[in-house]
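Survey of secondary and tertiary structure
Chain residues, written in single-letter form:
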Amino acid sequence: MSTSSRYPFTAIVGQDDLRLALLLNAVSPAVGGVLVRGEKGTAKSTAVRALAALLPPVRTVEGCRFSCDPAAPDPGCPDGPHPAVGPGGERAARMVELPVGASEDRLVGALDIERALAEGVKAFEPGLLADAHRGILYVDEVNLLHDHLIDLLLDAAAMGASYVEREGVSVRHAARFLLVGTMNPEEGELRPQLLDRFGLTVEVAASREPDQRVEVVRRRLAFEDDPAAFAGRWSGEEAGLRERVAAARALLPRVRLGDGALRRIAAVCAAFEVDGMRGDLVMARTATALAAWAGRTEVAVEDVRQAALLALPHRRRRNPFDAPGLDEEKLDEVLRDAAADDPEDEPPTPPEGQAPEEPGGGDDDGPGPDGGGGGRPDPGDGAGDGSGGLPPQRTEDSGAPAPEDAPEALTGAEPGESGGGTPRPASAEQRAVAAGEPFRTKVLSVPGLGAGAAGRRSRARTEHGRTTGATRPEGALTKLHLTATVRAAAPHQRARGRSGRGLVVRRDDLRQATREGREGNLVLFVVDASGSMAARRRMGAVKGAVLSLLLDAYQRRDKVGLVTFRGREAEVALPPTSSVDAAAARLQALPTGGRTPLAAGLLKAHDVLRVERLRDATRRPLLVVVTDGRATGGPEPVALAGRAARLHAAEATASVVVDCETGPVRLGLAGELARELRGTAVTLDELRAEALTGLVKDVTDHHRARRAA
């Protein structure tokens, strides 16, 4: 992308935390990259692409595909060895984008196994990690990448090198880059272990100030009308910011991180219960970069505070349903306590209700060329609203709780009701009930062998896993089955004129390894929210069970969807998505009350699964129906529910019914529903992994029994 067609970094309106985090990584790549979380249309990608123009040019060895520095070439470079002082060229820093659908070979590079076997040479084609060396590697929608690609990416970023191994042939090359990932949390979260590998994180959201939104639109339209002219109007600000980045880089080695600052960093990480030591290291590097950015040679208290706001929020998550964030009042209290323990250091004393002065000063070059504020930005000014870019804290329902032992007669269902009788009139809609404590669930899987997206639930043919056989490759060879290849080539050696020790291998001899691993599934929850489920104790337990299954789905990399039914109809509370925490939020807010239109819930689920099969035929569904089995409302509700269940059975949809019936007298209606679905039924107690009753409830067992019958 040419400079004139790239939106200028200095023309971005607002998003101070985002700009600051990117610039700190430009000053000190050792900070470890940035993860940018936020809603759609908030300049995430625009800011990242604009950053490349601010980086200093890169000197490279001529002809080196791995961008070695002529002053210090990589001794292990595959294109080496390079002369100690050789000719060099200069180019702009690259910004390399990793597509969501990229393969492993596209990321790390590809070895030509055929030439390696036949000729004994390492024919290596560099991947995106080599292209990004000494530049920026940008991953849009990083949360949608396959886990193994994220692992490879983050390992290379941490070690500064990429290793490629194929059947005993290995290649290593340097891969040091500024890693930037962007994601929309609504589309799914990263695992906490992967979040921790990003140095900094920022939350971005569109401004709610009309004047700022007007300025954003004005500048964007001006850029689209004439990109070159717009970039020219901002060239002075861009040059000034580029010089400041270069000056901060030069100053960075002289910045001193004193014992007082180190103690504050350790105290903050300990107070916020940050796991491991990576948070301490990232805070130290970030605080040092902040001091260099502000033109100082000593790390100050405000540097430590700002570093904590950028480096710790994503390291506070203990489970996928925790929102990232940091309590700023607690942060200031910890910093004051740390200062009191070290009287030689000045304590942080921000004014009451006002954010402390941020590094970088308050210089403002006046309005930008398009009107409004926003000439040369000073990302060191912080967020401006004192929020640090953190999302608002969730509030809990303050309504008065209903009695825990509310009888079912008050919720629209009669004790002992079989589903075919006439129920009492249901009460009005009840307030949402808080979910019970989640627990570790037993494994539920889909029978057979799938071929869906990589995950951790059901058996599937995958690119990674244990080798189960070999086949002729279709297209490019990706995973060689060495033994099968040798067996295919061995009978033809005399006819091919073999004379030496080497094996004469031709393309027809190559065999692709077939592997078996685990896939992620579409777990569709169908939750009964009718009056018969409305007793507070029961609904709290039901929500806790579904929350536990959602947590299990998150860990197994499933997509999830949520259908609820009550009153006269069913609704899709959440279409299938990778965002498990969005499903948890919808579940928490789920009200109860009314009749039990079980058939409507099953038919709605059937419609959802039909559409999802058209969208992604390889992702196999798992239907989880959470109900006590009652069906009321309308003519012949039980018969209708049976016919709806048989629709799922006819399409061989793997099904589990979580039986929520409680009390000493149980009608077994959920078991009857499971038989109609040709699935399995488990009680809430049996769903727990630590339960002593029964074996692991795998849907496969029931499908095997059905086939045997």
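Conventions adopted
Residues numbered from 1 in each chain as written. Predicted model: local features only at pLDDT ≥ 70, side-chain atom pairs only at ≥ 80, totals over all residues. Heavy atoms only, no water. Helix = DSSP H or I, 4+ residues; strand = E, 2+ residues; numbered from the N terminus. Buried < 20%, exposed > 50% of the residue type's maximum accessible area, 1.4 Å probe, protein only. Contact = heavy atoms within 4.5 Å. Pairing = 2+ DSSP bridges. Phe/Tyr/Trp six-rings, centres within 6.5 Å; stacked < 30°, edge-to-face > 60°. Lys NZ or Arg CZ within 6 Å of the ring centre and 35° of its normal. Axes fitted to C-alpha atoms, helices over the stretch in contact; angles between N-to-C directions. Core = buried A, V, L, I, M, F, W, Y, C linked by side-chain atoms within 4.5 Å. Patch = residues over 30% accessible without salt bridge, like charges linked within 9 Å, V, L, I, M, F, W, Y side chains within 5 Å. Areas by Shrake-Rupley, 256 points an atom, 1.4 Å probe, with all protein chains shown as cover. Salt bridge = Lys/Arg side-chain N within 4 Å of Asp/Glu carboxyl O. Lys, Arg positive; Asp, Glu negative; His and termini not counted. Charge placed at Lys NZ, Arg CZ, Asp CG, Glu CD. Parallel < 35°, antiparallel > 145°, perpendicular 65-115°, else oblique. Nonpolar A, V, L, I, M, F, W, Y, C, P; charged D, E, K, R; others polar. Expected span 1.5 Å × (residues − 1). Left-handed = near helix turned anticlockwise from the far one by under 90°. pLDDT = per-residue confidence, 0-100.

Section: the overall build of the protein
Across its full length, the protein holds 21 helices and 20 strands. Here the protein holds 709 residues, and 51% of them are scored as buried. Partitioning the intrachain contacts of the protein with sequence separation of at least 6 by distance along the chain shows that 78% fall at a separation of at least 24.

Looking at the pairing of strand β10 (residues 178-183)
Summarising burial for β10: six of the six residues are buried, a large majority. Covered by surrounding structure in β10 are Leu178, Val180 and Thr182 together with Leu179, Gly181 and Met183, the residues of both alternating faces. Relative to β10, strand β1 (residues 34-38) runs parallel, the two being bridged by four bridges. Residue pairing across strands places Leu35 opposite Gly181, the latter belonging to β10. Sheet topology places strand β7 (residues 136-140) next to β10; five bridges connect them, and they run parallel. Looking at β10, one finds that Val139 is bridged to Gly181.

Remarks on the packing of aromatic side chains
For the structure on display, the rule yields five aromatic pairs. Of the aromatic side chains, those joined through ring pairs into one cluster are Tyr7, Phe223, Phe230 and Trp234. Just above the ring of Trp293 sits the side chain of Arg244; from NZ or CZ to the centre is 3.9 Å. Directly above the ring of Phe439 sits Arg688, whose terminal nitrogen or CZ lies 4.0 Å from the centroid.

Thoughts on the sheet that holds strand β13 (residues 466-471)
Taken in spatial order, the three strands make up an open sheet running β12-β14-β13, and their pairing is antiparallel. Bordering the open sheet on either side are β12 (454-462) and β13, each of which pairs with just one other strand. Strand after strand, the sheet turns through a mean of 30° between neighbouring axes, direction not considered. Pairing of β12 with strand β14 (residues 512-519) involves six bridges; the strand directions are antiparallel. Paired with Ala460 across the bridge in β14 is Gly517.

Overview of the nonpolar core
Core analysis: the largest hydrophobic core is formed by 68 residues, its most contacted members being Phe9, Leu22, Leu51, Val268, Met283 and Trp293. The element best represented in this core is helix α12 (residues 278-293), accounting for nine residues. Core analysis: the second largest hydrophobic core is formed by 37 residues, Phe439, Met533, Leu574 and Val658 among them.

Some thoughts on a negative patch on the surface
A cluster of acidic residues, Asp327, Glu329, Glu333, Asp337 and Asp341, forms a negative patch on the protein surface. Summarising the element assignment, Asp327 is placed in the loop between α13 (301-311) and α14 (328-341). Judged by its relative accessible area of 43%, Asp327 falls in the partly exposed class.

What about the sheet that holds strand β4 (residues 95-97)?
In spatial order, the strands read β4-β7-β10-β1-β11; together these five strands make up an open sheet with parallel pairing. Either end of the sheet is taken by a strand with one partner, and the two such strands are β4 and β11 (200-204). Strand-to-strand, the axes of this sheet are offset by a mean angle of 20°, without reference to chain direction.

Some points on the side chain of Asn184
For Asn184, the location among the structural elements is in the loop between β10 and α7 (192-195). Not counting chain neighbours up to four residues away, the residues in contact with Asn184 comprise Gly38, Glu39, Lys40 and Asn143.

With respect to the pattern of salt bridges
Enumeration over the complete set of coordinates arrives at 30 salt bridges. Note that Glu224 and Arg220 form a salt bridge whose closest N and O atoms lie 3.4 Å from each other. Placement of both Glu224 and Arg220 in helix α8 (residues 210-225) is noted, with a separation of four residues, approximately one turn of the helix. We classify Arg220 as partly exposed; its relative accessible area is 32%.

Details of the environment of Leu128
When you line up the elements, Leu128 lands in helix α5 (residues 128-131). Beyond its immediate sequence surroundings of up to four residues, Leu128 is in contact with Val96, Glu97, Leu98, Pro99, Arg106 and Leu107.

Describing the packing of helix α1 (residues 16-27) against helix α10 (residues 235-251)
At a closest axis distance of 8 Å, the pairing of α1 and α10 adopts a crossing angle of 50°. Classified by the angle their axes make, α1 and α10 are oblique. The segment α1 lies against α10, with Leu23, Ala26 and Val27 engaging Leu241, Val245, Ala248 and Arg249. Residues that form the contact of α1 with α10 fall into these classes: six nonpolar, no polar and one charged.

Focus on helix α6 (residues 147-159)
Spanning 13 residues, α6 covers 18 Å between terminal C-alpha atoms, matching the ideal 18 Å at 1.5 Å per step. Three or more residues of α6 are buried, namely Asp147, Leu149, Ile150, Leu153, Leu154 and Ala156. One or two steps after α6, the chain reaches Gly160, where phi turns positive at roughly 75°.

Side note on the packing of helix α18 (residues 598-615) against helix α19 (residues 637-650)
Interhelical geometry of α18 versus α19 gives an angle of 20° and a closest axis separation of 8 Å. It follows that α18 is roughly parallel to α19 by the angle criterion. The crossing of α18 and α19 is left-handed. Residues Leu598, Ala599, Leu602, Leu603, Ala605, His606 and Leu609 of α18 pack against Leu640, Ala641, Ala644, Ala645, Leu647 and His648 of α19.

Concerning the confidence of the model for the protein
The predicted model of the protein averages 79 in pLDDT, with 80% of residues at 70 or higher. Predicted confidence for residues 347-427 stays below pLDDT 50, and this span has 147 contacts to residues more than four positions away or in other chains. For residues 691-700, every residue scores under 50 in pLDDT, and the model assigns this stretch 27 contacts once sequence neighbours within four places are set aside.

Here's the deal with the environment of Leu195
By the element assignment, Leu195 lies in helix α7. The buried category is assigned to Leu195, whose relative accessible area is 0%. Separated by 160 residues in sequence, Leu195 and Leu35 place their C-alpha atoms 8.1 Å apart.

Points about a nonpolar patch on the surface
A cluster of nonpolar side chains, contributed by Val216, Val217 and Leu221, occupies part of the molecular surface with about 240 Å² of accessible area. Mapped onto the elements, Val216 comes out in helix α8. Of the residues examined, Val216 reaches a relative accessible area of 40% and is grouped as partly exposed.

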